Amino acid sequence: MSAEHDFLVIGSGAGGGAAAWRLATLGHRVTVIEAGPVFDPALDYRLADADWEQPFPKKPGSTGPYDVAPLQPLTQETADIRSWNAQNGPYVTGDRRQSFGYHHVRGVGGSSLHFTGEAHRMHPRSLRMASDFGVAADWPMDYAALEPYWSLAEATVGVAGPDEDRRCPRSGPYPQTAHPLSYASRVLARGVESLGARWQQNALAVLSSPTEDRPNCNHCGGCLRGCPLTDKGSIDVTYLRQAVATGRCDVLPGVEALQIQTDGQRVTGVLVASRQGQQVLTAGVVIVACGAIQTPRLLLNSADAHSPDGLCNESGQVGRNFMETLLTTSSALHPERLGSHRGLPVDWVSWDWNAPDAIPGVIGGCRFGPAMAESDLVGPVAYATRVVPGWGRAHKRAMRESFGRVLSIAGLGESLPHPASRISLSDRTDPHGLPVPRIHSYLDDMAIARLRFMTETCRAILSAAGCGPVFEEFSSVDAFSSTHVFGTCRMGRSPDDSVTDAYGRSHRWRNLMIADASLFPSSGGGESPGLTIQALALRGVDHLLETP
Amino acid sequence: MTSGKMSRRVFTRALGVVPVVIAHAPQAEAQSRILTEMLATVVDVIVPGDETPAASDLGIHVRLIDQARRIPNYPALLSEGLGWLEQRARTDHGLPFLQLSMDRKEALFALAFDAAPQSLPHVFARRVRDDALTAYYRDARAWGGLGFDQPIQPAGYPDHQDPPA
Ligand SMILES: Cc1cc2nc3c(=O)[nH]c(=O)nc-3n(C[C@H](O)[C@H](O)[C@H](O)COP(=O)(O)OP(=O)(O)OC[C@H]3O[C@@H](n4cnc5c(N)ncnc54)[C@H](O)[C@@H]3O)c2cc1C
Ligand code: SF4
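All of the points below concern the structure found in this document. Note that the structure is predicted; figures quoted are calculated from it, not measured.

## Some words on the overall build of chain A
Phase 1 of the analysis: A count of helices and strands for chain A gives 11 helices and 22 strands.
Phase 2 of the analysis: Taken against the 2.2 N^0.38 rule, which gives 24 Å for 548 residues, the C-alpha radius of gyration of chain A at 22 Å falls within 12% of a compact globule.
Phase 3 of the analysis: When the 548 residues of chain A are sorted by exposure, 65% land in the buried category.
Phase 4 of the analysis: A fraction of 74% describes how many contacts in chain A between residues 6 or more apart in sequence connect residues 24 or more apart.
Phase 5 of the analysis: For chain A, the accessible area works out to roughly 18400 Å², and carbon and sulfur atoms hold 51% of it.

## What to know about the interface of chain B and chain A
Phase 1 of the analysis: At the interface, 47 residues of chain B touch 51 residues of chain A.
Phase 2 of the analysis: For the chain B and chain A pair, buried surface summed over both sides reaches about 4300 Å², with 59% attributable to carbon and sulfur atoms.
Phase 3 of the analysis: Our count for the contact surface shared by chain B and chain A stands at four salt bridges.
Phase 4 of the analysis: Across the contact surface, chain B and chain A share 26 residue pairs in polar contact (both at pLDDT 80 or more).
Phase 5 of the analysis: The set of elements that each furnish at least two residues to the side of chain B that touches chain A consists of α1 (3-13), α2 (28-46), α5 (102-113) and α6 (120-137) of chain B.
Phase 6 of the analysis: Among the residues forming the side of chain B that touches chain A, the class breakdown is 25 nonpolar, 11 polar and 11 charged.

## A few points about the sheet that holds strand β14 (residues 326-333) of chain A
All names here are of chain A.
Phase 1 of the analysis: Strand order in the open sheet formed by six strands is β5-β4-β20-β14-β17-β16, with antiparallel pairing between adjacent strands. Of all strands in the sheet, those bounded by a partner on one side alone are β5 (89-90) and β16 (366-370).
Phase 2 of the analysis: Note: β16 against strand β17 (residues 406-413), five bridges, orientation antiparallel. If you follow Cys 366 over to β17, its bridge partner there is Gly 413.
Phase 3 of the analysis: Those strands touched by helix α5 (residues 183-194) are β16 and β17, and its axis lies near 60 degrees from that of β17.
Phase 4 of the analysis: Its contacts with the sheet place helix α10 (residues 445-464) against β14, β16, β17 and β20 (470-475), and it is angled at close to 20 degrees to β14.

## Considerations on the site of ligand 1
Residues and elements named next belong to chain A.
Phase 1 of the analysis: Inspection of the region around ligand 1 gives 37 residues, with Glu 34, Arg 106, Thr 116, Glu 118 and Gly 530 positioned closest.
Phase 2 of the analysis: A distance of 3.1 Å separates a nitrogen atom of ligand 1 from a polar atom in the backbone of Ala 35.
Phase 3 of the analysis: Within the backbone of Ala 517, an N or O atom sits 3.3 Å from an oxygen atom of ligand 1.
Phase 4 of the analysis: The residue inventory of the shell around ligand 1, partitioned by class, reads 14 nonpolar, 18 polar and five charged.

## Considering the site of ligand 2
Phase 1 of the analysis: Residues in contact with ligand 2 amount to 14 residues; listed here are only the nearest, Cys217(A), Cys220(A), Cys223(A), Cys227(A) and Asp231(A).
Phase 2 of the analysis: Neighbouring residues of ligand 2 are not confined to a single chain but are spread across chains A and B.
Phase 3 of the analysis: Of the residues assigned to the shell around ligand 2, the class counts are seven nonpolar, five polar and two charged.

## Details of the packing of helix α1 (residues 14-25) of chain A against helix α6 (residues 236-245) of chain A
Residues and elements named next belong to chain A.
Phase 1 of the analysis: Contact geometry for α1 and α6: axes closest at 8 Å, N-to-C directions at 30 degrees. The angle between α1 and α6 falls in the class roughly parallel. You can see that α1 and α6 cross each other, and the crossing is left-handed. Residues Gly 17, Ala 18, Ala 20, Trp 21 and Ala 24 of α1 pack against Tyr 239, Leu 240, Gln 242 and Ala 243 of α6.
Phase 2 of the analysis: A per-class count over the contact of α1 with α6 returns seven nonpolar, two polar and no charged.

## Some points on α2(B)
Phase 1 of the analysis: Compared with an ideal rise of 1.5 Å per residue, which puts 19 residues at 27 Å, α2(B) spans 27 Å between its outermost C-alpha atoms and is within 8% of the ideal.
Phase 2 of the analysis: Within α2(B), burial applies to Ala30(B), Leu35(B), Met38(B), Leu39(B), Ala40(B), Thr41(B), Val42(B), Val43(B), Asp44(B), Val45(B) and Ile46(B).
Phase 3 of the analysis: Where α2(B) is buried, its residues contact α9 (392-402) of chain A together with α3 (60-69), α4 (74-93), α5 and α6 of chain B.

## So, the pattern of salt bridges
Residue and element names in this part refer to chain A.
Phase 1 of the analysis: Within the structure shown, the criterion is met by 38 salt bridges over all chains.
Phase 2 of the analysis: A salt bridge links Arg 121 to Glu 147; the shortest N-O distance between them is 2.9 Å. Within this pair, whereas Arg 121 is found in the loop between β6 (98-102) and α3 (129-133), its partner Glu 147 is found in helix α4 (residues 143-157), the two being separated by 26 residues in sequence.
Phase 3 of the analysis: Relative accessible area serves as the criterion here: at 11%, Glu 147 is assigned to the buried category.
Phase 4 of the analysis: Taken together, the salt bridges that share partners define one network made up of Arg 106, Glu 256, Arg 297 and Asp 430.

## Description of the pairing of β6(A)
All names here are of chain A.
Phase 1 of the analysis: With four of its five residues buried, β6 lies for the most part within the structure.
Phase 2 of the analysis: Direction of pairing for β6 relative to strand β21 (residues 479-482): parallel, over a ladder of four bridges. Opposite Tyr 102, over in β21, you have Ser 482 as the bridge partner.

## What to know about the side chain of Thr41(B)
All names here are of chain B.
Phase 1 of the analysis: You can see Thr 41 is positioned in helix α2.
Phase 2 of the analysis: For Thr 41, a relative accessible area of 14% gives the class buried.
Phase 3 of the analysis: In contact with Thr 41, not counting residues within four places along its chain, are Phe 97, Leu 98 and Lys 105.

## Observations regarding α3(B)
Residues and elements named next belong to chain B.
Phase 1 of the analysis: Every buried residue of α3 is listed here: Ile 60, His 61, Leu 64 and Ala 68. The arc enclosing the buried residues of α3, seen along the axis, measures out at 100 degrees, which places them on a common side.
Phase 2 of the analysis: The inward-facing, buried residues of α3 abut α2, α4 and α6.

## Remarks on the pairing of strand β2 (residues 30-34) of chain A
Residue and element names in this part refer to chain A.
Phase 1 of the analysis: The element β2 is largely enclosed, with a buried count of five among its five residues.
Phase 2 of the analysis: Residues Val 30, Val 32 and Glu 34 point to one face of β2 and Thr 31 and Ile 33 to the other, with burial holding for every one of them.
Phase 3 of the analysis: Sheet topology places strand β1 (residues 5-10) next to β2; four bridges connect them, and they run parallel. The partner of Val 9 across the bridge, within β2, is Val 32.
Phase 4 of the analysis: In this sheet, strand β10 (residues 249-253) lies alongside β2 in parallel orientation, the contact comprising five bridges. Looking at the pairing, Ile 33 lines up with Leu 252 of β10.

## A look at unusual backbone geometry
Phase 1 of the analysis: Gln153(B) connects to Pro154(B) through a cis peptide bond whose omega is 10 degrees.
Phase 2 of the analysis: Mapped onto the fold, Pro154(B) is located in the segment after α6.
Phase 3 of the analysis: Backbone geometry at Thr230(A) places phi at a positive 75 degrees, although glycine is not the residue there.
Phase 4 of the analysis: Judged by its relative accessible area of 11%, Thr230(A) is buried.

## So, the sheet that holds strand β18 (residues 422-429) of chain A
All names here are of chain A.
Phase 1 of the analysis: If you walk across this open sheet you meet the three strands as β3-β19-β18, and the pairing is mixed. Bordering the open sheet on either side are β3 (67-68) and β18, each of which pairs with just one other strand.
Phase 2 of the analysis: With two bridges joining them, β3 and strand β19 (residues 435-440) adopt parallel strand pairing. Bridge assignment links Asp 67 to a residue of β19, and that residue is Arg 438.

How each quantity is defined
Residues numbered from 1 in each chain as written. Chains lettered and ligands numbered in written order. Predicted model: local features only at pLDDT ≥ 70, side-chain atom pairs only at ≥ 80, totals over all residues. Heavy atoms only, no water. Helix = DSSP H or I, 4+ residues; strand = E, 2+ residues; numbered from the N terminus. Rg over C-alpha atoms; globule rule 2.2 N^0.38 Å. Buried < 20%, exposed > 50% of the residue type's maximum accessible area, 1.4 Å probe, protein only. Contact = heavy atoms within 4.5 Å. Areas by Shrake-Rupley, 256 points an atom, 1.4 Å probe, with all protein chains shown as cover. Buried area = accessible area lost by both parts, 1.4 Å probe. Salt bridge = Lys/Arg side-chain N within 4 Å of Asp/Glu carboxyl O. Polar contact = N/O pair within 3.5 Å; in protein donor to acceptor, adjacent residues only side chain to side chain. Nonpolar A, V, L, I, M, F, W, Y, C, P; charged D, E, K, R; others polar. Pairing = 2+ DSSP bridges. Axes fitted to C-alpha atoms, helices over the stretch in contact; angles between N-to-C directions. Near = heavy atom within 4 Å. Parallel < 35°, antiparallel > 145°, perpendicular 65-115°, else oblique. Left-handed = near helix turned anticlockwise from the far one by under 90°. Expected span 1.5 Å × (residues − 1). Arc of directions from axis to C-beta.

As far as function goes, none of this settles anything; it's purely spatial.
As structure tokens, this is what we get:
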């Protein structure tokens, strides 16, 4: 019996969208199922309303279920680098690390809908963490093997980047000219220079010049709330729009994969739920791209007589090696009016500590960049509630004196696998009766040392930029708050210690490919993962077509 | 990382406190009118009028009451917090809160704000301060003098490279 769907992609984020685009543009019919709804940029991202200062909009079904296992106790050694606000006190008041959530969007385009558009390649040396540093696992390919796919991804989403990229070799220039820095970002960049470090214009999937179907950015800074103009290269307005335009790609929102089915030899289809009820979609090839939390959950929930420990879990690695965002931010007021609410969220980046051995005494790198938007300090409401203390006339006066003077800086660092960091199935079930994923996160001494370096460097940059005392800090040291998640279906060369081969194909089930951040053997030193997820998906599809 | 989230958690923890009921309000309707009037006064303590409107001119107290209806336990926090202010006004000054001078109203609100972190008056004052400021600064009429005069779209910031005007 032939399958209803030649290629069935589960999940429409960075990985699923890129895979579907590659298939459709190479002439294949592909169906994408997406658990979440469609977001309409013009209608849903209300940045032209007076109450624009809101988080990314929620719609029915636009977040996925998960829970977080109790996190580790906090120790006195981290007391000076925890999350706090001068007015509100400590963000974490208990004696354990606390969850602030796995930040994601369930919707057509996945988490790219609220991303800031950073489009980074991996540092070449960060792909060899096991061989060179004895931690994590090596990537089963080198930088050169990924280079053409990073370039293809950059061209497809429209990345604007600097003329000279000091960190990563390139086969050609960025497709678009880099964005100019905002006035406030330049002041912050001078702080980095004063420390003897360098910065460069960030590579961003944000158009600096218009294309046929998308305008250029007007630097409103609202990317995290959804870009109404569509100049931001989220997956819905790039890969998926182009894939659908071929006439060979169907995107089905509100359709959730519950279980992947096999006949013992091959994957045969997917049990899905939608408003129409449950049904099985048969498929020739299944591409799983649900993100690093939901992909292992789906595989574990697909256990059957042929795979009693979960689908693709012959190595026991499904759900293991969970890596998360390691983040610190520090914010302070600058004495001058900077208009720091204006401009792109992260227009420059300092990669000086990005190499795996760049932080003294620590394995695993990090990077720094402006964070006024990421700290959500770009509007009057944030100033009124988090920056300016008190109330009454004095508060109003201080608002007028302070607005536009906040500088904020973020460090993002390497997260390394640890046996205690993983995804398991929870006792809690979803409305279909299936266990939700449970996140276990643990920071070891090395992670805490890296976070300490990041916080101290953030403070030093603000001070060198001329800021007054820090008024707010946020740190993964006491807050699990993950925007980047990786590693839970690690790719590798051997079926003994990895879930897939170097192309994301299950070692056992050759017509099942994984195409999301769960493939990452290591996280990199703070690089944003979206572009690499896309590159892996594009490369995986090419291999799938060459070697069916 | 939003202060809204933080204050919600603190608030929930504080609900074990003994309720303080507003005295001398025989009818539910009259009580609700007094609460609304008191809340209007409290939001004006938080955001008084000057070149830009006072909070009550923008109906912030009404918005808070609407918002409270959608959040479990919030209506109780409002009435108990306002009850605490009323009781202190009568104990300290022998007058209902609404009849105090503005200075005394401000001083009582400050007393509530500076109370012990998990206490009813503190949780009430903190929550109302944050929510009143949030609602107020979500209104374009509040933005005069900030150097920010319109939502971030559709114009964006074509001047983002320049020093602020
Ligand atoms: C605030 C924020 C800012 C960020 N900024 C950047 C940035 O600037 N640059 C960058 O590169 N990255 C950024 N990221 C991270 C980036 O968005 C993610 O790493 C990336 O989108 C992950 O892609 P993915 O394909 O692995 O998963 P996702 O984007 O999570 O996509 C998975 C999709 O699968 C769907 N799905 C899940 N389970 C099922 C199921 N059972 N059935 C059907 N569908 C399912 C989900 O609904 C979702 O749409 C940011 C993230 C956040 C939260
Ligand atoms: S800054 Fe540019 S990319 Fe971001 S939301 Fe505004 S217009 Fe869109």
